[in-house]
Amino acid sequence: MTAPTPFELTPGQLTLASLYRLWRDERPLELSDDCAAGIDASADCVEAVLADGRVVYGINTGFGILARTTIARDQVGELQRRLVLSHSAGVGDPLSDRVVRLILILKINALARGFSGIRRSVIDALVTLLNGGAYPIIPAQGSVGASGDLAPLAHLSRVLLGEGEVRVKGEILPAAQALAAVGLAPLELAAKEGLALLNGTQVSTALALEGLFASLDAFAAALVAGGLSVDAALGSDTPFDPRIHELRGQPGQIAVASFLRALLDGSEIRHSHAECDRVQDPYSLRCQPQVMGAAMDLLHGAAATIERETNAVSDNPLVFADTGDILSGGNFHAEPVAMACDTIAIAMAEVGAISERRVALLTDASLSSLPAFLVAEPGLNSGFMIAHVTAAALASENKCLAHPASVDSLPTSANQEDHVSMATHGARRLSAIAANVRNIVAIELLAAAQGIDMRRPLKTSAKLAMAHDAIRAVVPLLEDDRAFGPDIDQVARIIDDGWFTQAFLGDCGLGDSGFPLLDGFEPARQG
(Lines give C-alpha, C1' and ligand atoms only; values in the text may rest on other atoms or scores of the structure.)
Protein backbone atom coordinates (compact mmCIF):
# COMPACT_ATOMS: atom_id res chain seq x y z
CA MET A 1 0.00 0.00 0.00
CA THR A 2 1.36 3.43 -0.96
CA ALA A 3 1.96 5.71 2.01
CA PRO A 4 -0.27 8.82 2.04
CA THR A 5 1.34 12.02 0.84
CA PRO A 6 2.32 14.24 3.77
CA PHE A 7 0.38 17.46 4.23
CA GLU A 8 2.73 20.44 4.42
CA LEU A 9 1.42 22.91 6.97
CA THR A 10 2.27 26.55 6.46
CA PRO A 11 1.11 28.18 9.70
CA GLY A 12 -1.86 30.50 9.23
CA GLN A 13 -2.79 29.04 5.84
CA LEU A 14 -5.23 26.22 6.64
CA THR A 15 -8.36 26.01 4.48
CA LEU A 16 -11.69 24.32 5.01
CA ALA A 17 -11.02 22.13 1.98
CA SER A 18 -7.72 20.86 3.39
CA LEU A 19 -9.21 20.38 6.85
CA TYR A 20 -12.15 18.45 5.39
CA ARG A 21 -9.73 16.03 3.75
CA LEU A 22 -7.61 15.75 6.91
CA TRP A 23 -10.79 15.09 8.92
CA ARG A 24 -11.81 12.27 6.60
CA ASP A 25 -8.40 10.67 6.06
CA GLU A 26 -5.33 10.33 8.25
CA ARG A 27 -2.28 11.90 6.62
CA PRO A 28 1.12 12.70 8.09
CA LEU A 29 1.86 16.37 8.63
CA GLU A 30 5.07 18.22 7.86
CA LEU A 31 5.63 21.67 9.31
CA SER A 32 7.01 24.21 6.85
CA ASP A 33 10.61 25.20 7.61
CA ASP A 34 9.69 28.86 7.07
CA CYS A 35 8.15 29.07 10.54
CA ALA A 36 11.27 28.05 12.49
CA ALA A 37 12.76 31.53 12.90
CA GLY A 38 9.54 33.01 14.26
CA ILE A 39 9.09 30.17 16.75
CA ASP A 40 12.66 30.51 18.01
CA ALA A 41 12.45 34.30 18.29
CA SER A 42 9.26 34.04 20.32
CA ALA A 43 10.78 31.52 22.74
CA ASP A 44 13.91 33.67 23.06
CA CYS A 45 11.73 36.65 23.96
CA VAL A 46 10.25 34.72 26.89
CA GLU A 47 13.71 33.68 28.05
CA ALA A 48 14.81 37.34 27.92
CA VAL A 49 11.99 38.29 30.31
CA LEU A 50 13.30 35.80 32.85
CA ALA A 51 16.90 36.90 32.33
CA ASP A 52 15.94 40.55 32.91
CA GLY A 53 13.93 39.75 36.03
CA ARG A 54 10.75 41.31 34.67
CA VAL A 55 7.36 40.16 35.97
CA VAL A 56 5.03 39.19 33.12
CA TYR A 57 1.69 37.40 33.37
CA GLY A 58 1.83 33.74 32.47
CA ILE A 59 5.62 33.60 32.52
CA ASN A 60 6.44 34.11 36.18
CA THR A 61 3.05 34.80 37.81
CA GLY A 62 0.07 32.77 38.93
CA PHE A 63 -2.98 32.46 36.71
CA GLY A 64 -6.44 33.97 36.60
CA ILE A 65 -7.31 35.64 39.89
CA LEU A 66 -3.85 34.57 41.20
CA ALA A 67 -2.03 36.63 38.57
CA ARG A 68 -0.63 38.99 41.22
CA THR A 69 1.44 36.19 42.75
CA THR A 70 5.04 36.29 41.49
CA ILE A 71 6.81 32.98 40.94
CA ALA A 72 10.56 32.55 41.52
CA ARG A 73 12.63 31.78 38.43
CA ASP A 74 13.64 28.34 39.66
CA GLN A 75 9.94 27.42 39.93
CA VAL A 76 8.63 28.54 36.54
CA GLY A 77 8.96 25.07 35.04
CA GLU A 78 7.15 23.52 38.00
CA LEU A 79 4.49 26.23 37.65
CA GLN A 80 3.77 25.08 34.11
CA ARG A 81 3.66 21.41 35.10
CA ARG A 82 1.22 22.09 37.93
CA LEU A 83 -0.90 24.26 35.66
CA VAL A 84 -1.35 21.39 33.20
CA LEU A 85 -2.12 18.84 35.91
CA SER A 86 -4.53 21.02 37.90
CA HIS A 87 -6.47 21.95 34.80
CA SER A 88 -6.94 18.31 33.74
CA ALA A 89 -10.42 18.32 35.23
CA GLY A 90 -12.59 17.28 32.29
CA VAL A 91 -15.37 14.71 32.49
CA GLY A 92 -17.55 12.74 30.12
CA ASP A 93 -16.98 10.47 27.18
CA PRO A 94 -13.69 10.93 25.30
CA LEU A 95 -13.64 12.91 22.09
CA SER A 96 -13.29 10.86 18.91
CA ASP A 97 -9.90 10.30 17.31
CA ARG A 98 -11.13 12.36 14.34
CA VAL A 99 -11.76 15.37 16.57
CA VAL A 100 -8.52 14.92 18.51
CA ARG A 101 -6.66 14.82 15.19
CA LEU A 102 -8.20 18.17 14.26
CA ILE A 103 -7.34 19.60 17.68
CA LEU A 104 -3.69 18.60 17.25
CA ILE A 105 -3.55 20.12 13.77
CA LEU A 106 -5.11 23.38 14.95
CA LYS A 107 -2.86 23.58 18.01
CA ILE A 108 0.27 22.97 15.93
CA ASN A 109 -0.90 25.58 13.43
CA ALA A 110 -1.48 28.24 16.11
CA LEU A 111 1.73 27.64 18.06
CA ALA A 112 3.87 27.53 14.92
CA ARG A 113 2.85 31.03 13.94
CA GLY A 114 5.45 32.22 16.43
CA PHE A 115 3.49 34.37 18.90
CA SER A 116 3.18 31.93 21.80
CA GLY A 117 6.69 31.78 23.28
CA ILE A 118 6.94 28.02 23.00
CA ARG A 119 9.97 26.02 21.87
CA ARG A 120 10.07 24.20 18.56
CA SER A 121 10.74 20.92 20.39
CA VAL A 122 7.30 21.07 22.05
CA ILE A 123 5.56 21.73 18.73
CA ASP A 124 7.54 18.90 17.14
CA ALA A 125 6.34 16.57 19.90
CA LEU A 126 2.73 17.39 18.98
CA VAL A 127 3.55 16.66 15.33
CA THR A 128 5.05 13.31 16.35
CA LEU A 129 1.90 12.38 18.28
CA LEU A 130 -0.24 13.27 15.27
CA ASN A 131 1.89 11.40 12.76
CA GLY A 132 2.17 8.38 15.03
CA GLY A 133 -1.61 8.10 15.35
CA ALA A 134 -1.24 8.62 19.10
CA TYR A 135 -4.38 10.47 20.15
CA PRO A 136 -4.66 11.73 23.75
CA ILE A 137 -7.83 10.73 25.59
CA ILE A 138 -9.69 14.02 26.05
CA PRO A 139 -12.97 14.11 28.03
CA ALA A 140 -15.63 15.98 26.07
CA GLN A 141 -17.00 18.11 28.91
CA GLY A 142 -15.48 20.78 31.12
CA SER A 143 -14.86 23.86 28.98
CA VAL A 144 -16.92 27.05 29.01
CA GLY A 145 -15.13 28.37 25.93
CA ALA A 146 -13.26 31.27 27.53
CA SER A 147 -9.73 31.58 28.82
CA GLY A 148 -9.37 28.91 26.21
CA ASP A 149 -10.59 25.33 26.22
CA LEU A 150 -8.60 24.84 29.39
CA ALA A 151 -9.66 21.43 30.70
CA PRO A 152 -9.70 19.52 27.41
CA LEU A 153 -6.42 21.06 26.26
CA ALA A 154 -4.90 20.18 29.63
CA HIS A 155 -5.83 16.54 29.07
CA LEU A 156 -4.09 16.74 25.69
CA SER A 157 -1.04 18.51 27.10
CA ARG A 158 -0.45 16.28 30.11
CA VAL A 159 0.30 13.44 27.74
CA LEU A 160 3.48 15.35 26.81
CA LEU A 161 4.45 15.09 30.49
CA GLY A 162 3.97 11.34 30.41
CA GLU A 163 0.65 11.42 32.24
CA GLY A 164 -2.87 10.45 31.19
CA GLU A 165 -3.93 8.04 28.48
CA VAL A 166 -3.48 7.81 24.71
CA ARG A 167 -5.24 5.77 22.04
CA VAL A 168 -2.75 4.21 19.62
CA LYS A 169 -4.20 2.15 16.77
CA GLY A 170 -7.38 1.62 18.75
CA GLU A 171 -5.64 0.53 21.96
CA ILE A 172 -5.65 2.78 25.03
CA LEU A 173 -2.18 3.00 26.61
CA PRO A 174 -0.66 4.90 29.54
CA ALA A 175 0.86 8.11 28.24
CA ALA A 176 4.47 7.17 29.01
CA GLN A 177 4.09 3.92 27.08
CA ALA A 178 2.42 5.70 24.16
CA LEU A 179 5.18 8.31 24.04
CA ALA A 180 7.81 5.60 23.88
CA ALA A 181 5.88 3.86 21.10
CA VAL A 182 6.22 6.97 18.89
CA GLY A 183 9.81 7.70 19.91
CA LEU A 184 9.21 10.43 22.49
CA ALA A 185 10.19 10.90 26.12
CA PRO A 186 8.19 12.98 28.65
CA LEU A 187 8.91 16.70 28.35
CA GLU A 188 9.84 19.27 30.96
CA LEU A 189 7.98 22.46 30.12
CA ALA A 190 9.72 25.82 30.12
CA ALA A 191 8.27 29.20 31.04
CA LYS A 192 4.86 29.97 29.50
CA GLU A 193 4.68 26.65 27.63
CA GLY A 194 1.93 25.10 29.73
CA LEU A 195 -0.17 28.24 29.36
CA ALA A 196 0.43 28.34 25.60
CA LEU A 197 -0.71 24.72 25.33
CA LEU A 198 -3.83 25.19 27.49
CA ASN A 199 -5.01 28.58 26.27
CA GLY A 200 -6.75 28.64 22.92
CA THR A 201 -9.99 27.80 21.16
CA GLN A 202 -8.75 24.70 19.34
CA VAL A 203 -11.18 22.22 20.96
CA SER A 204 -14.23 24.40 20.31
CA THR A 205 -13.03 25.03 16.77
CA ALA A 206 -12.29 21.36 16.04
CA LEU A 207 -15.77 20.40 17.26
CA ALA A 208 -17.21 23.21 15.15
CA LEU A 209 -15.34 21.91 12.10
CA GLU A 210 -16.67 18.40 12.59
CA GLY A 211 -20.19 19.76 13.01
CA LEU A 212 -19.82 21.97 9.95
CA PHE A 213 -18.48 19.17 7.75
CA ALA A 214 -21.20 16.73 8.83
CA SER A 215 -23.78 19.47 8.30
CA LEU A 216 -22.55 20.26 4.80
CA ASP A 217 -22.73 16.59 3.79
CA ALA A 218 -26.28 16.36 5.17
CA PHE A 219 -27.17 19.64 3.44
CA ALA A 220 -25.96 18.33 0.08
CA ALA A 221 -28.08 15.20 0.47
CA ALA A 222 -31.08 17.33 1.47
CA LEU A 223 -30.78 19.35 -1.74
CA VAL A 224 -30.90 16.16 -3.81
CA ALA A 225 -33.71 14.71 -1.69
CA GLY A 226 -35.73 17.86 -2.26
CA GLY A 227 -35.41 17.53 -6.02
CA LEU A 228 -36.32 13.84 -5.91
CA SER A 229 -39.38 14.63 -3.79
CA VAL A 230 -40.57 17.28 -6.26
CA ASP A 231 -40.59 14.67 -9.02
CA ALA A 232 -42.10 11.92 -6.87
CA ALA A 233 -44.93 14.23 -5.77
CA LEU A 234 -45.61 15.52 -9.33
CA GLY A 235 -44.38 18.93 -8.26
CA SER A 236 -43.67 21.84 -10.57
CA ASP A 237 -40.30 23.33 -11.48
CA THR A 238 -41.88 26.72 -12.25
CA PRO A 239 -41.09 28.02 -8.72
CA PHE A 240 -37.41 27.54 -9.56
CA ASP A 241 -37.53 29.92 -12.55
CA PRO A 242 -34.44 32.17 -12.26
CA ARG A 243 -36.47 35.35 -12.85
CA ILE A 244 -38.24 34.86 -9.51
CA HIS A 245 -35.02 34.55 -7.54
CA GLU A 246 -33.11 37.29 -9.30
CA LEU A 247 -35.75 39.76 -8.13
CA ARG A 248 -34.97 38.92 -4.52
CA GLY A 249 -31.21 38.78 -4.98
CA GLN A 250 -30.33 36.38 -2.15
CA PRO A 251 -27.29 34.41 -3.39
CA GLY A 252 -28.09 31.11 -1.68
CA GLN A 253 -31.66 31.21 -2.94
CA ILE A 254 -30.47 31.81 -6.50
CA ALA A 255 -27.95 28.95 -6.24
CA VAL A 256 -30.47 26.45 -4.82
CA ALA A 257 -33.05 27.30 -7.50
CA SER A 258 -30.39 26.73 -10.16
CA PHE A 259 -29.45 23.43 -8.52
CA LEU A 260 -33.05 22.19 -8.50
CA ARG A 261 -33.60 23.19 -12.11
CA ALA A 262 -30.49 21.22 -13.09
CA LEU A 263 -31.64 18.19 -11.10
CA LEU A 264 -35.10 18.11 -12.69
CA ASP A 265 -33.99 18.87 -16.24
CA GLY A 266 -35.13 16.13 -18.63
CA SER A 267 -37.54 14.39 -16.27
CA GLU A 268 -40.31 12.48 -18.05
CA ILE A 269 -42.35 12.64 -14.87
CA ARG A 270 -42.22 16.42 -14.89
CA HIS A 271 -43.22 16.69 -18.55
CA SER A 272 -46.13 14.27 -18.02
CA HIS A 273 -48.04 16.80 -15.91
CA ALA A 274 -46.81 20.08 -17.36
CA GLU A 275 -50.37 21.12 -18.23
CA CYS A 276 -52.09 19.81 -15.09
CA ASP A 277 -54.67 21.86 -13.16
CA ARG A 278 -52.66 22.06 -9.92
CA VAL A 279 -52.11 25.76 -9.25
CA GLN A 280 -49.47 25.66 -6.53
CA ASP A 281 -47.39 23.13 -4.62
CA PRO A 282 -47.08 23.06 -0.82
CA TYR A 283 -44.33 25.27 0.58
CA SER A 284 -42.02 22.33 1.41
CA LEU A 285 -41.66 21.80 -2.35
CA ARG A 286 -42.18 25.29 -3.72
CA CYS A 287 -40.15 27.30 -1.22
CA GLN A 288 -37.03 25.15 -1.17
CA PRO A 289 -34.85 27.88 -2.72
CA GLN A 290 -35.99 30.37 -0.10
CA VAL A 291 -35.47 28.01 2.87
CA MET A 292 -32.46 26.03 1.74
CA GLY A 293 -30.89 29.13 0.19
CA ALA A 294 -31.16 31.02 3.48
CA ALA A 295 -29.58 28.06 5.26
CA MET A 296 -26.79 27.97 2.66
CA ASP A 297 -26.02 31.65 3.17
CA LEU A 298 -25.86 31.15 6.94
CA LEU A 299 -23.58 28.13 6.54
CA HIS A 300 -21.26 30.15 4.32
CA GLY A 301 -21.07 32.96 6.88
CA ALA A 302 -20.43 30.55 9.76
CA ALA A 303 -17.82 28.71 7.70
CA ALA A 304 -15.98 31.99 7.15
CA THR A 305 -15.78 32.60 10.88
CA ILE A 306 -14.68 29.06 11.63
CA GLU A 307 -12.01 29.07 8.93
CA ARG A 308 -10.55 32.29 10.30
CA GLU A 309 -10.50 30.73 13.76
CA THR A 310 -8.62 27.66 12.51
CA ASN A 311 -5.73 30.00 11.70
CA ALA A 312 -6.02 32.18 14.80
CA VAL A 313 -3.48 32.63 17.58
CA SER A 314 -5.78 32.42 20.56
CA ASP A 315 -3.60 31.87 23.62
CA ASN A 316 -2.56 34.54 26.13
CA PRO A 317 -0.37 36.47 26.63
CA LEU A 318 0.93 36.93 23.11
CA VAL A 319 4.61 37.39 22.35
CA PHE A 320 5.65 39.97 19.74
CA ALA A 321 9.30 39.17 19.29
CA ASP A 322 9.96 41.99 16.81
CA THR A 323 9.36 44.59 19.55
CA GLY A 324 9.91 42.47 22.65
CA ASP A 325 6.37 43.14 23.83
CA ILE A 326 4.34 40.48 25.64
CA LEU A 327 0.71 41.58 25.71
CA SER A 328 -2.24 40.24 27.66
CA GLY A 329 -5.56 40.23 25.82
CA GLY A 330 -8.51 37.94 25.31
CA ASN A 331 -8.16 36.02 22.05
CA PHE A 332 -8.98 32.88 24.04
CA HIS A 333 -12.63 34.02 24.29
CA ALA A 334 -14.47 31.81 21.79
CA GLU A 335 -17.51 34.03 21.18
CA PRO A 336 -16.99 34.03 17.37
CA VAL A 337 -17.03 30.22 17.38
CA ALA A 338 -20.05 30.08 19.70
CA MET A 339 -22.10 32.41 17.52
CA ALA A 340 -21.06 30.61 14.33
CA CYS A 341 -22.14 27.30 15.86
CA ASP A 342 -25.49 28.73 16.90
CA THR A 343 -25.97 29.87 13.31
CA ILE A 344 -25.18 26.40 11.97
CA ALA A 345 -27.53 24.82 14.51
CA ILE A 346 -30.45 27.04 13.48
CA ALA A 347 -29.80 26.58 9.75
CA MET A 348 -29.56 22.80 10.00
CA ALA A 349 -32.64 22.52 12.22
CA GLU A 350 -34.55 24.19 9.39
CA VAL A 351 -33.02 21.88 6.78
CA GLY A 352 -34.28 18.92 8.79
CA ALA A 353 -37.66 20.55 9.42
CA ILE A 354 -38.47 21.13 5.75
CA SER A 355 -37.23 17.64 4.84
CA GLU A 356 -39.59 16.13 7.42
CA ARG A 357 -42.46 18.11 5.88
CA ARG A 358 -41.71 16.57 2.49
CA VAL A 359 -41.79 13.09 4.02
CA ALA A 360 -45.21 13.94 5.46
CA LEU A 361 -46.36 15.15 2.04
CA LEU A 362 -45.17 12.04 0.21
CA THR A 363 -46.86 9.67 2.66
CA ASP A 364 -50.18 11.59 2.50
CA ALA A 365 -52.14 10.17 -0.44
CA SER A 366 -54.33 13.28 -0.63
CA LEU A 367 -51.30 15.46 -1.33
CA SER A 368 -48.97 13.17 -3.28
CA SER A 369 -51.47 11.13 -5.36
CA LEU A 370 -49.36 8.13 -4.35
CA PRO A 371 -50.60 5.10 -2.37
CA ALA A 372 -51.07 5.84 1.33
CA PHE A 373 -47.76 5.58 3.17
CA LEU A 374 -46.05 4.68 -0.10
CA VAL A 375 -46.82 0.98 -0.04
CA ALA A 376 -49.04 -1.50 -1.82
CA GLU A 377 -51.98 -2.79 0.20
CA PRO A 378 -52.01 -0.03 2.81
CA GLY A 379 -53.75 -1.31 5.88
CA LEU A 380 -52.17 -4.72 5.67
CA ASN A 381 -48.89 -2.82 5.27
CA SER A 382 -47.97 0.28 7.28
CA GLY A 383 -45.25 1.30 4.83
CA PHE A 384 -43.56 4.59 5.69
CA MET A 385 -45.97 5.45 8.52
CA ILE A 386 -43.53 5.07 11.41
CA ALA A 387 -40.50 6.14 9.38
CA HIS A 388 -42.26 9.50 9.14
CA VAL A 389 -42.84 9.46 12.90
CA THR A 390 -39.10 8.97 13.36
CA ALA A 391 -38.41 11.95 11.08
CA ALA A 392 -40.85 14.06 13.10
CA ALA A 393 -39.21 13.03 16.37
CA LEU A 394 -35.75 13.97 15.09
CA ALA A 395 -36.93 17.31 13.70
CA SER A 396 -38.52 18.15 17.03
CA GLU A 397 -35.38 17.14 18.95
CA ASN A 398 -33.36 19.51 16.78
CA LYS A 399 -35.59 22.40 17.81
CA CYS A 400 -34.35 21.90 21.37
CA LEU A 401 -30.74 21.35 20.34
CA ALA A 402 -30.80 24.54 18.22
CA HIS A 403 -31.36 26.75 21.26
CA PRO A 404 -28.43 29.21 21.23
CA ALA A 405 -25.49 28.40 23.49
CA SER A 406 -23.82 31.79 23.07
CA VAL A 407 -26.55 33.69 24.96
CA ASP A 408 -25.58 31.83 28.14
CA SER A 409 -22.72 32.75 30.46
CA LEU A 410 -21.62 31.81 33.97
CA PRO A 411 -18.71 33.59 35.70
CA THR A 412 -15.76 31.44 36.77
CA SER A 413 -12.37 31.80 38.48
CA ALA A 414 -13.63 34.00 41.33
CA ASN A 415 -15.31 36.35 38.85
CA GLN A 416 -12.07 37.13 37.02
CA GLU A 417 -13.51 35.30 34.03
CA ASP A 418 -16.92 36.93 34.36
CA HIS A 419 -18.25 36.38 30.84
CA VAL A 420 -17.73 33.19 28.86
CA SER A 421 -18.83 31.93 25.45
CA MET A 422 -20.09 28.36 26.03
CA ALA A 423 -18.67 27.61 22.57
CA THR A 424 -17.46 24.12 23.39
CA HIS A 425 -20.78 22.45 24.06
CA GLY A 426 -22.36 24.76 21.46
CA ALA A 427 -19.98 23.21 18.93
CA ARG A 428 -20.24 19.67 20.28
CA ARG A 429 -24.04 19.56 19.84
CA LEU A 430 -23.68 20.27 16.10
CA SER A 431 -22.74 16.66 15.45
CA ALA A 432 -25.98 15.51 17.09
CA ILE A 433 -28.01 17.96 15.01
CA ALA A 434 -26.24 16.89 11.81
CA ALA A 435 -26.84 13.21 12.65
CA ASN A 436 -30.54 13.92 13.15
CA VAL A 437 -30.75 15.77 9.84
CA ARG A 438 -28.82 12.98 8.14
CA ASN A 439 -31.41 10.45 9.30
CA ILE A 440 -34.38 12.66 8.40
CA VAL A 441 -32.97 13.15 4.91
CA ALA A 442 -32.25 9.43 4.62
CA ILE A 443 -35.94 8.80 5.29
CA GLU A 444 -36.90 11.40 2.70
CA LEU A 445 -34.57 9.85 0.11
CA LEU A 446 -36.14 6.45 0.73
CA ALA A 447 -39.64 7.90 0.47
CA ALA A 448 -38.86 9.87 -2.69
CA ALA A 449 -37.16 6.86 -4.32
CA GLN A 450 -40.25 4.79 -3.49
CA GLY A 451 -42.43 7.45 -5.08
CA ILE A 452 -40.28 7.53 -8.22
CA ASP A 453 -40.63 3.76 -8.52
CA MET A 454 -44.40 4.11 -8.24
CA ARG A 455 -44.44 6.53 -11.20
CA ARG A 456 -43.09 3.92 -13.61
CA PRO A 457 -42.96 3.57 -16.58
CA LEU A 458 -42.27 7.32 -16.48
CA LYS A 459 -38.64 8.12 -15.72
CA THR A 460 -37.09 10.83 -13.62
CA SER A 461 -34.15 12.93 -14.86
CA ALA A 462 -30.70 11.49 -15.44
CA LYS A 463 -29.25 13.30 -12.42
CA LEU A 464 -32.04 12.19 -10.08
CA ALA A 465 -31.82 8.67 -11.50
CA MET A 466 -28.21 8.62 -10.31
CA ALA A 467 -29.39 9.34 -6.76
CA HIS A 468 -32.19 6.80 -7.09
CA ASP A 469 -29.75 4.15 -8.28
CA ALA A 470 -27.41 4.84 -5.36
CA ILE A 471 -30.29 4.31 -2.95
CA ARG A 472 -31.46 1.14 -4.69
CA ALA A 473 -27.90 -0.21 -4.64
CA VAL A 474 -28.21 -0.55 -0.86
CA VAL A 475 -31.97 -0.67 -0.20
CA PRO A 476 -34.51 -2.53 -2.38
CA LEU A 477 -38.02 -1.31 -3.18
CA LEU A 478 -40.39 -1.65 -0.22
CA GLU A 479 -43.04 -4.07 -1.46
CA ASP A 480 -44.20 -5.41 1.91
CA ASP A 481 -43.44 -4.33 5.45
CA ARG A 482 -40.02 -5.16 6.85
CA ALA A 483 -37.79 -3.73 9.59
CA PHE A 484 -37.21 -0.14 8.50
CA GLY A 485 -34.27 0.86 10.71
CA PRO A 486 -31.61 -0.96 8.66
CA ASP A 487 -32.83 0.77 5.47
CA ILE A 488 -32.45 4.18 7.11
CA ASP A 489 -28.97 3.25 8.35
CA GLN A 490 -27.85 2.20 4.87
CA VAL A 491 -28.85 5.49 3.23
CA ALA A 492 -27.58 7.56 6.16
CA ARG A 493 -24.21 5.88 5.65
CA ILE A 494 -24.07 7.10 2.03
CA ILE A 495 -24.76 10.64 3.25
CA ASP A 496 -22.16 10.35 6.00
CA ASP A 497 -19.56 9.14 3.51
CA GLY A 498 -19.97 12.42 1.60
CA TRP A 499 -21.25 10.73 -1.56
CA PHE A 500 -23.95 13.31 -2.28
CA THR A 501 -21.52 16.17 -1.75
CA GLN A 502 -18.99 14.84 -4.20
CA ALA A 503 -21.38 13.28 -6.72
CA PHE A 504 -23.73 16.23 -7.19
CA LEU A 505 -22.41 19.59 -6.14
CA GLY A 506 -19.56 19.67 -8.64
CA ASP A 507 -21.75 19.96 -11.72
CA CYS A 508 -25.02 21.54 -10.64
CA GLY A 509 -24.08 25.18 -10.43
CA LEU A 510 -22.40 25.11 -7.03
CA GLY A 511 -18.82 24.62 -8.11
CA ASP A 512 -16.16 21.93 -8.32
CA SER A 513 -13.57 22.91 -5.72
CA GLY A 514 -12.03 20.66 -3.10
CA PHE A 515 -15.14 21.24 -1.01
CA PRO A 516 -17.84 22.06 -3.55
CA LEU A 517 -20.48 23.64 -1.34
CA LEU A 518 -17.99 26.34 -0.43
CA ASP A 519 -16.61 26.84 -3.93
CA GLY A 520 -15.79 30.47 -4.65
CA PHE A 521 -15.82 31.19 -0.94
CA GLU A 522 -12.31 32.25 0.03
CA PRO A 523 -12.00 34.39 3.17
CA ALA A 524 -8.71 36.14 3.71
CA ARG A 525 -5.86 33.96 4.92
CA GLN A 526 -3.69 34.97 7.85
CA GLY A 527 0.04 35.32 7.64
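Just so we're clear, the structure is a prediction, and the values are computed from it rather than from any experiment.

Q: What am I meant to see in empty space enclosed by the protein here?
A: If you roll a probe as big as a water molecule over the atoms, it shows you where there is empty space left. Summed over all chains, the structure comprises one cavity of 30 Å³ or more. Taken as a whole, the largest cavity spans an internal volume of roughly 50 Å³. Considering the residues around the largest cavity, the lining is formed by Phe384, Leu446, Gln450, Arg472, Val475, Pro476, Leu477, Leu478, Arg482, Phe484 and Asp487. Its residues assigned to classes, the lining of the largest cavity shows seven nonpolar, one polar and three charged.

Q: Just checking my understanding: could you explain the side chain of His155 for this structure?
A: Relative to the elements of secondary structure, His155 occurs in helix α6 (residues 150–157). Classification of His155 by relative accessible area gives buried; the value is 6%. Among the polar contacts made by the side chain of His155, one reaches the main-chain amide nitrogen of Ala89 at a distance of 3.4 Å. For His155, the contacting residues outside a window of four places in its chain are Ser88, Ala89, Gly90, Pro136, Ile137, Ile138 and Pro139.

Q: Any chance you could explain the layout of surface pockets here in plain terms?
A: Here the largest pocket defines a volume of roughly 870 Å³. Elements with a minimum of two residues in the lining of the largest pocket: α3 (76–86), α6 and α8 (193–198). The biggest single contributor to the lining of the largest pocket is α3, with five residues. By residue class, the composition of the lining of the largest pocket is 15 nonpolar, 19 polar and four charged.

Q: Explain the nonpolar core to me, please; I cannot follow it from the model alone.
A: What tends to happen in soluble globular proteins is that the nonpolar side chains get buried as a cluster. Leu95, Ile103, Ile108, Leu197, Leu445 and Phe500 are the most contacted members of the largest nonpolar core, which has 148 residues in total. In terms of residues, this core owes the most to one element, helix α9 (residues 202–232), which gives 19 residues. Apart from the residues within four sequence positions on either side, Leu95 is in contact with Val100, Ile103, Ile138, Ala140, Arg167, Val203 and Leu207. If you look at the next biggest cluster of nonpolar residues, it comprises 10 residues, including Cys45, Leu50, Ala191 and Ile326.

Q: Mind showing me how you'd approach the pattern of salt bridges here?
A: Oppositely charged side chains can pair when the atoms bearing their charge come close. Summed over the entire model, instances satisfying the criterion amount to 18 salt bridges. Ionic pairing is found between Glu444 and Arg358, a salt bridge with its closest N-O pair at 2.5 Å. Taken together, the residues span a long stretch of sequence, with Glu444 in helix α18 (residues 423–454) and Arg358 in helix α15 (residues 335–363) at a distance of 86 residues. Side by side, Glu444 and Arg358 carry an identical accessibility label, which is buried. In this structure, the salt-bridge partner of Asp496 is Arg438, at a minimum N-O distance of 3.6 Å.

Q: Sorry, what's going on with helix α11 (residues 251–264) here?
A: Since the α-helix advances by 3.6 residues per turn, residues separated by three or four positions end up pointing in the same direction. When the terminal C-alpha atoms of α11 are compared, their 20 Å separation across 14 residues agrees well with the 20 Å that a helix rising 1.5 Å per residue should span. Of the positions making up α11, those classed as buried are Gly252, Gln253, Ala255, Val256, Ala257, Phe259, Leu260, Leu263 and Leu264. Packed against the buried residues of α11 are α9, α10 (242–248), α14 (288–310), α19 (462–472) and α21 (499–504). Of the residues one or two after α11, Gly266 is the one with positive phi, at around 90°.

Q: Could you clarify how one ought to interpret the packing of α9 against α19 in this entry?
A: Where α9 contacts α19, the axes come no closer than 10 Å and their chain directions differ by 100°. Taken together, α9 and α19 sit at an angle that is classed as roughly perpendicular. Side by side, α9 and α19 meet where Val224, Gly227, Leu228 and Asp231 of the first sit next to Leu464, Ala467 and Ile471 of the second. Within the contact of α9 with α19, the residues separate by chemical class into five nonpolar, one polar and one charged.

Reading guide: rules and limits
Residues numbered from 1 in each chain as written. Predicted model: local features only at pLDDT ≥ 70, side-chain atom pairs only at ≥ 80, totals over all residues. Heavy atoms only, no water. 1 Å grid on protein atoms, 1.4 Å probe; cavity = no way out; pocket = protein on both sides within 12 Å on 5 of 7 lines; lining within 4 Å. Points joined across faces, edges and corners; volume = space filled by probe spheres on them. Nonpolar A, V, L, I, M, F, W, Y, C, P; charged D, E, K, R; others polar. Helix = DSSP H or I, 4+ residues; strand = E, 2+ residues; numbered from the N terminus. Buried < 20%, exposed > 50% of the residue type's maximum accessible area, 1.4 Å probe, protein only. Polar contact = N/O pair within 3.5 Å; in protein donor to acceptor, adjacent residues only side chain to side chain. Contact = heavy atoms within 4.5 Å. Core = buried A, V, L, I, M, F, W, Y, C linked by side-chain atoms within 4.5 Å. Salt bridge = Lys/Arg side-chain N within 4 Å of Asp/Glu carboxyl O. Expected span 1.5 Å × (residues − 1). Axes fitted to C-alpha atoms, helices over the stretch in contact; angles between N-to-C directions. Parallel < 35°, antiparallel > 145°, perpendicular 65-115°, else oblique.

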